[in-house]
Structures are given as C-alpha cells and as structure tokens.
Amino acid sequence: MRKCRSLVDSLVSYLKDCVETDKPDDKSVENCVCILNNLTFQLEAEAPVLFSRITALTQTDNRTQSQSHTSPIGCFSSQSKMSQHEHHFDFPVIEDPQPNGAGWLIHSKTLHIYLSLLGSSQQEQIQEACCGVLRNLVAHEGIVSSVMSQTIVQKLNGMQVISPLLKSNKVNLKRNTVALVGSLVQNPNLHDAIARRALPELLGILSAGTKEGNESDDTLAMACHIVNSLLMKESEMSMRLLNNNLINSLNDLSKNKYFPKSSKAASLLLYNLWSDKNTQSFLKKQGMSKSSFVNDITTAAHRSVQVID
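Please read these numbers as outputs of a predicted model, since none were measured by experiment. (Residues numbered from 1 in each chain as written. Predicted model: local features only at pLDDT ≥ 70, side-chain atom pairs only at ≥ 80, totals over all residues. Heavy atoms only, no water.)

This part takes up the packing of aromatic side chains. In this structure the tally under the stated criterion is one aromatic pair. Centre to centre, the rings of Trp274 and Phe293 are 5.2 Å apart; their planes meet at 25°, and the pair counts as stacked. Taken together, the residues Trp274 in helix H15 (residues 260-275) and Phe293 in the loop between helix H16 (277-285) and helix H17 (296-304) connect sequence positions 19 residues apart. Neither residue differs from the other here; Trp274 and Phe293 are each classed as buried. (Phe/Tyr/Trp six-rings, centres within 6.5 Å; stacked < 30°, edge-to-face > 60°. Helix = DSSP H or I, 4+ residues; strand = E, 2+ residues; numbered from the N terminus. Buried < 20%, exposed > 50% of the residue type's maximum accessible area, 1.4 Å probe, protein only.)

This is how it looks when you write it as structure tokens:
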C-alpha cells in the first residue's frame, strides 16, 4: 500500500485540508489516520530507504569518530562508545523539501498534522490513532527514533499538545499518551523539555493512583518508569514536585497485589528516590523517613532488576 501511486499523498493532503478547514472530527479523518497508522507500523524495518538521510548522517558521524579517537582498541570500548554517542548526538536532519509518496509518512509536515489533530479533535478514536502513528515512529531504540522524537518535541513543540492529554479521563487515550511519552523519553536529549511539560501531569497520575478506580496497571507502571527516568536526570525540578501525597500514593501502589506491574515500578521509583543523595536530603527535610522508600518490598524490587555477573 505504501507504494500505491498517490495514496499517501492523497491521505495526507485530505487531513491537511480538514485541519485547515476546522473539520477534525469527521469520520473520514479517523479512517485516514487509521490507514496511516497501519502504514507506519514497522516502517523502519520494512522501508529503510525512507530513512537514508538519517542513517547516512550516522555513518558520517561514525567515520568522524573513528578518525578522531586514537585510544587503544578493547573488546568492548569501540562499540560502547559508538552506542553512547548515537544516543546523545543531535543530528541536523535536512528534510526533503518536496516529499512524495511514502516520504510523507516521516515528514515533519505530516507529524504537525497529527499533533494538530491531537489538540483539536474531540474524537477519542482519532486522538488514539494519532498517538499510535507518532509512537510507531519513535518506539524503537536507535538513531531513527531519536531523530523523529527530536522533530516532535523540539522542532514542532509537540509536548504542548501531548502533555494535556495525560490528564484525560478517557482511560485508553491516557494509556496511549503515556506510552507515547515513554517512547519519547528514550532520547536523553529530550529529558529536560519533556520533564518541564509532562512531569507534573505524570506525577498527578501517580498521586491519584488507583483512587479513581479506572486506571490500568500498564498506565501506572509506564508512568512510574517515565518519572523514574526524568527524576533521576532532573533532580532539581523533581524536588519542587515531591510531596507526602505522592509518596503515600506510591507506597500504597507498591503494596497493591492487584497491580503487579505498577507495584514493582512504584517500588523501584521509591528506592531510587532515596538512593539519590540530593533528593534524600530534601525528603528528610520534608519529614519523610527512610522506611517509606527503603523497605522489604522496595528492596526486593530493586534486587530483582540487578544484573548478576
């Protein structure tokens, strides 16, 4: 279907017209986005040529790195340095000024349409499909997802639209939005931008815990994992947001046998909060005790994820 003449061009053009004419809730919009969602699934694996500009930059940078480093070659040193560099380097991607066909699937103009629909549509199915498309493009580790996520967060200021959806009372939409943020967080370069926009909303989800009676185990677990990543990198920001209500909710969640995924994730988050010396000092000043963070439950969770040599 990606190779069908003018198919993708027509779908994107129609969505663009609907956004510009303020018709984001038409049934045809849902159909178009769902088709594009399917077309972007496994896109990198099935159509790698679309990402040649990105992968070419990776190869160029790797050659530059190999020429500039003169350190001895060890069994693991070269590969580990390359891997670390790929995750932290900002790649200046030059887009095709006149995309066509499947090229539209990864173009920033198309991503902007999805973000516009996320912010303007009132139809849950359309919003979920838009989250799905965006996540398809950023869900994998590697340079392609890294570049696509930077386009969404930095070039298009996507968190301005994505973050409010974390407060949605629609269970499936909230779960899909949390999953999208979780994929974006895989790029360390974006932690600051994501934390500023999404951290308060994510902590709000965790503070509410299971009180509302409609949260899923997956949503709460993903929220814990994302917060764990962001708090460890943005400790100064996190200190302004930590409070007794949040910690009590995490403790309740860590003991909840009906939510096994989020129970373990909450336990790891609590343990890691106390492990950070600056955060620990702040928590002590707030009158919180070690037993709320390091106990049999949280210690068992911590040990379960340790790598045994």
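So, about the state of the cysteines. Applying the stated rule across the entire model yields zero disulfides. Cysteine Cys34 shares no disulfide, and the gap to the nearest cysteine sulfur, in Cys130, comes to 9.0 Å. For Cys34, a relative accessible area of 30% corresponds to the partly exposed category. (Disulfide = S-S within 2.5 Å.)

Once that is clear, we can look at the environment of Glu201. Within the element layout of this structure, Glu201 appears in helix H11 (residues 191-208). Placed 34 residues apart in sequence, Glu201 and Lys167 show a C-alpha to C-alpha distance of 6.5 Å.

Turning next to the packing of helix H14 (residues 244-254) against H15. For the pair H14 and H15, interaxial distance at closest approach is 7 Å and the crossing angle is 135°. Between H14 and H15, the angle falls in the class oblique. You can see that H14 and H15 cross each other, and the crossing is left-handed. On H15, the residues touching Ile247, Leu250, Asn251, Leu253 and Ser254 of H14 are Ser262, Ser263, Ala266, Ser267, Leu269, Leu270 and Leu273. A per-class count over the contact of H14 with H15 returns seven nonpolar, five polar and no charged. (Axes fitted to C-alpha atoms, helices over the stretch in contact; angles between N-to-C directions. Parallel < 35°, antiparallel > 145°, perpendicular 65-115°, else oblique. Left-handed = near helix turned anticlockwise from the far one by under 90°. Contact = heavy atoms within 4.5 Å. Nonpolar A, V, L, I, M, F, W, Y, C, P; charged D, E, K, R; others polar.)

Attention shifts here to the nonpolar core. Within the largest apolar cluster, 85 residues are counted, with the highest numbers of intra-cluster contacts made by Leu15, Leu36, Ile162, Leu184, Ile194, Leu206 and Leu250. Counting residues per element, this core draws most heavily on H11, at nine residues. Dropping the residues within four chain positions of it, Ile162 is found in contact with Leu115, Leu118, Ile152, Thr177, Leu180, Val181 and Leu184. (Core = buried A, V, L, I, M, F, W, Y, C linked by side-chain atoms within 4.5 Å.)

Below, the discussion takes up unusual backbone geometry. Although it is not a glycine, Gln42 adopts a positive phi angle of roughly 55°. When you line up the elements, Gln42 lands in the loop between helix H2 (27-40) and helix H3 (43-46). Owing to a relative accessible area of 31%, Gln42 belongs among the partly exposed residues under this scheme. Unlike most non-glycine residues, Asn157 shows phi in positive territory, near 55°. As for its placement among the helices and strands, Asn157 is situated in the loop between helix H8 (143-155) and helix H9 (159-162).

With that settled, the discussion passes to the pattern of salt bridges. Considering all chains together, one arrives at six salt bridges under this definition. Between Lys27 and Glu30 there is a salt bridge whose closest N-O contact spans 3.1 Å. Of this pair, Lys27 and Glu30 are both found in helix H2, three residues apart, which corresponds to roughly one turn of the helix. Between Asp192 and Arg196 there is a salt bridge whose closest N-O contact spans 3.2 Å. Remark: Arg196 and Asp192 occur in helix H11; sequence separation between them is four residues, near one turn of the helix. When its relative accessible area of 35% is taken as the criterion, Asp192 is described as partly exposed. For Arg196, a relative accessible area of 51% translates into the label exposed. (Salt bridge = Lys/Arg side-chain N within 4 Å of Asp/Glu carboxyl O.)

So, about the confidence of the model for the protein. Mean pLDDT over the protein: 87, with 86% of residues reaching 70 or higher. H9 holds the highest mean pLDDT among the elements of the protein, 98, whereas helix H5 (residues 77-88) holds the lowest, 40. Note on residues 64-92: pLDDT is under 50 here. Beyond four places in sequence and across chains, it has 27 contacts. (pLDDT = per-residue confidence, 0-100.)

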